[in-house]
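So you can see what is in the structure, the chains are spelled out below.
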Amino acid sequence: MTASEVFVAPARPGRSPCPGVPAAGSSSSSTAAMGPRRSAASSCGRVLLPLLLLGVSGFFQSYAVEVDIKDSSNATCLYADWMMRFLITYESNNGDYKTTALNLSSSVSHNGSVCGNDTQAALVAVQFGEGHSWSINITKNNETYQGDFITLTYNTNDTAVFPDAKRKGPVTVLIKDPARPVQLNTVFVCHNSFVIEAENITQIFWNVTVQAFVQNGTVSKKESRCPADTPTSAPTVPPTIANVTTASTTTSPPAPTAPPKPAENPDTGNYSLKSGNKTCFLATVGLQLNVSQDKPLLININPKTTVADGACGNTTATLKLNDRNSTLIGFTFAVKNTSASVQKFYLREVNVTLLNRLNGSVISSADNNNLSKWDAFLGSSYMCRKEQTLQINENVQVHTFNLWIQPFLVEANKFATAEECIADSDLNFLIPIAVGVALGFLIILVFISYIIGRRKSRTGYQSV
């Protein structure tokens, strides 16, 4: 195993983050089981330890982890129950960047966890899989406790997760926990899923219950809920229902049919990425998903609730869009040489993951890494105002509207000259033809009216 790489990244919560996770004690016990479950210690579900959720790019097996840390007197000093997943973007042997899913295994240990006290931070440390680990230290301040730093170490020697990683060995990422403080003698709870993003890591958490610095060995019944669980004007529903129109299914054999249409086309959103202080990626697009499950579903992506993230590079660039922690869409662009002196960019890959906002589980996942769309000369932008369809797999399509995108060589935060799609070019070509036909028809009408008028005039003269 080679020397590990360590870097610190600022946390970007996909939605208002939940508080940090508590610490551990000198002795402890833990269990792992399939799927979400209620802890015997609390009816509040799982909240804290929000950092333990891992992102996914496909269907996966999720394990819940319960940790009960004991102090020297065998009393509970830290309690945590949660589910988590990670999405990690890494460089492959051929120089491309790929996104993989790292999930908790059925066997999880928590060596090194400590209870903490007034002067020492608590620590929850979890080890799983082939050399992967996650931890969070929690500090105590007057009447509150709060997560400080989250540390994720993933091991690219794990060929099951990173089959073609260019860099081998452990990579450690430190992220400042963006969670708000929690009152002492209060348990932090978050049933709904939430996302914390930083650099090339997406951490997804749900069904979280955490209490650090437990008093008298008893987990509190007083709850502090995360923003994701806060009721809004609209009830929280799975993404397959929100903003979706359904069509009844039939018992006839599968056949191409017109998908159900929402009342309106999706709103157009403006997205951008930065490298340092410079904008490196620009995109304007309206997005709509067509998902075939038990019933056909159309989902409009709401730009007002969508967070953009990703990475810019010289030969590859990725835009990741996260709509309310329920819809994750990734667009990967690459550069190709069309001749010795001419380079073009094109859309190479699109991946789509739908998460259930109630429990964080994957509803549908699709990936197509063999696309060749939206190509334009490097240094220019690509535009297509008409609706386009990207076929991701047999069950998932992405529809785009009013597309204008530039993944490379952005200057002065503005789009370069656009190369228009064929559909728009045809439209631009047909408009003058239609205008010419209309003018010709008008001229013919005028000419016919003139002839008729002349004949009537002659008939009048002859009568006189």
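Residues numbered from 1 in each chain as written. Predicted model: local features only at pLDDT ≥ 70, side-chain atom pairs only at ≥ 80, totals over all residues. Heavy atoms only, no water.

### Considering the overall build of the protein
Working step 1: Scanning the protein from N- to C-terminus turns up 1 helix and 30 strands.
Working step 2: In the protein, which comprises 464 residues, the share counted as buried stands at 48%.
Working step 3: Taking all contacts inside the protein whose residues are at least 6 apart in sequence as the whole, residues at least 24 apart take part in 67%.
Working step 4: Accessible surface, the protein: about 22000 Å² in total, of which carbon and sulfur atoms supply 52%. (Helix = DSSP H or I, 4+ residues; strand = E, 2+ residues; numbered from the N terminus. Buried < 20%, exposed > 50% of the residue type's maximum accessible area, 1.4 Å probe, protein only. Contact = heavy atoms within 4.5 Å. Areas by Shrake-Rupley, 256 points an atom, 1.4 Å probe, with all protein chains shown as cover.)

### What to know about the environment of tryptophan 134
Working step 1: Following the sequence through the fold, tryptophan 134 ends up in strand β9 (residues 132–141).
Working step 2: Along the primary structure tryptophan 134 and threonine 151 are separated by 17 residues, whereas in three dimensions their C-alpha atoms are 5.6 Å apart.
Working step 3: There is a polar contact of 3.2 Å between the side chain of tryptophan 134 and the side chain of glutamine 203. (Polar contact = N/O pair within 3.5 Å; in protein donor to acceptor, adjacent residues only side chain to side chain.)

### Focus: the environment of alanine 80
Working step 1: Residue placement: alanine 80 occurs in strand β5 (residues 76–91).
Working step 2: A residue is classified by how much of its surface remains accessible, and alanine 80, at 1% relative accessible area, is buried.
Working step 3: As for alanine 80 and aspartate 68, which are separated by 12 residues in sequence, their C-alpha atoms are 6.6 Å apart.

### Topic: the state of the cysteines
Working step 1: Applying the stated criterion to the full structure yields 4 disulfides.
Working step 2: There is a disulfide in this structure between cysteine 190 and cysteine 226, and the S-S distance comes to 1.9 Å. Judged by the torsion about the S-S bond (70 degrees), the cysteine 190/cysteine 226 disulfide is right-handed. Note that cysteine 190 is positioned in strand β13 (residues 187–190) and cysteine 226 in the loop between β16 (223–225) and β17 (244–246), a separation of 36 residues in sequence. (Disulfide = S-S within 2.5 Å.)

### Observations concerning the packing of aromatic side chains
Working step 1: A full pass over the atoms with the stated rule returns 14 aromatic pairs.
Working step 2: Their ring planes at 40 degrees and their centres at 6.4 Å tell us that tryptophan 82 and tryptophan 134 sit as a pair that is tilted. In this pair, tryptophan 82 is assigned in strand β5 and tryptophan 134 in strand β9, connecting sequence segments 52 residues apart.
Working step 3: Overall, tryptophan 134 belongs to the buried group, its relative accessible area being 1%.
Working step 4: Taking the centre distance of 6.3 Å and the plane angle of 20 degrees together, the rings of tryptophan 374 and tyrosine 382 count as stacked. (Phe/Tyr/Trp six-rings, centres within 6.5 Å; stacked < 30°, edge-to-face > 60°.)

### Overview of the side chain of threonine 156
Working step 1: As for its position among the elements, threonine 156 is in the loop between β10 (144–155) and β11 (170–176).
Working step 2: Looking at threonine 156, its side chain comes within polar contact range of the main-chain oxygen of glycine 169, at 2.9 Å.
Working step 3: Discounting chain neighbours no more than four positions away, the residues touching threonine 156 are Phe162, Ala165, Arg167, Lys168 and Gly169.

### Details of the environment of aspartate 267
Working step 1: With respect to the helices and strands, aspartate 267 occurs in the loop between β17 and β18 (269–275).
Working step 2: The exposure class assigned to aspartate 267 is partly exposed, which follows from its relative accessible area of 47%.
Working step 3: Residues aspartate 267 and isoleucine 301, spaced 34 residues apart in sequence, show a C-alpha to C-alpha distance of 7.7 Å.
Working step 4: Excluding anything up to four places from it in sequence, aspartate 267 contacts Val285, Gly286, Ile301 and Pro303.

### Examining the pattern of salt bridges
Working step 1: For the structure shown, the criterion picks out 11 salt bridges.
Working step 2: Put simply, lysine 176 and aspartate 148 hold a salt bridge, and the shortest N to O gap is 2.6 Å. Here lysine 176 is found in strand β11, whereas its partner aspartate 148 is found in strand β10, with 28 residues between them in sequence.
Working step 3: The class of lysine 176 is partly exposed, set by a relative accessible area of 42%.
Working step 4: Of the residues examined, aspartate 148 reaches a relative accessible area of 18% and is grouped as buried.
Working step 5: Among the salt bridges present, the one from glutamate 411 reaches lysine 278, with a minimum N-O distance of 4.0 Å. (Salt bridge = Lys/Arg side-chain N within 4 Å of Asp/Glu carboxyl O.)

### Remarks on the confidence of the model for the protein
Parts of the model with low pLDDT should not have their predicted coordinates read in detail.
Working step 1: Chain-level statistics for the protein give a pLDDT mean of 77 and a share of 72% at 70 or above.
Working step 2: Here β17 stands out as the element of the protein with the lowest mean pLDDT, 36, in contrast to strand β27 (residues 381–384), whose mean of 95 is the highest.
Working step 3: Segment residues 1–8 is flagged for pLDDT under 50; beyond a separation of four residues in sequence, or across chains, it makes 23 contacts in the model.
Working step 4: Note on residues 232–259: pLDDT under 50 across the span, and 43 contacts to partners over four residues away in sequence or across chains. (pLDDT = per-residue confidence, 0-100.)

### Some remarks on the pairing of β13
Working step 1: Across the two faces of β13 the burial is the same, with Val187 and Val189 and Phe188 and Cys190 all buried.
Working step 2: Taken together, the 3 bridges between β13 and strand β15 (residues 201–212) define a ladder with antiparallel strand orientation. Paired with valine 189 across the strands is threonine 209, a residue of β15. (Pairing = 2+ DSSP bridges.)

### Some remarks on the pairing of β11
Working step 1: Most of β11 is tucked away: 5 of the 7 residues are buried.
Working step 2: The pairing of β10 with β11 spans 7 bridges and is antiparallel. In the sheet register, asparagine 155 faces β11, and the bridge partner there is proline 170.

### A look at unusual backbone geometry
Working step 1: A positive phi angle is found at tryptophan 374, which is not glycine, with a value near 55 degrees.
Working step 2: You can call tryptophan 374 buried: its relative accessible area is 5%.
Working step 3: Positioned with a positive phi, asparagine 402 is a non-glycine residue whose angle comes to about 50 degrees.
Working step 4: As for its position among the elements, asparagine 402 is in strand β29 (residues 396–406).
Working step 5: The exposure class assigned to asparagine 402 is partly exposed, which follows from its relative accessible area of 39%.

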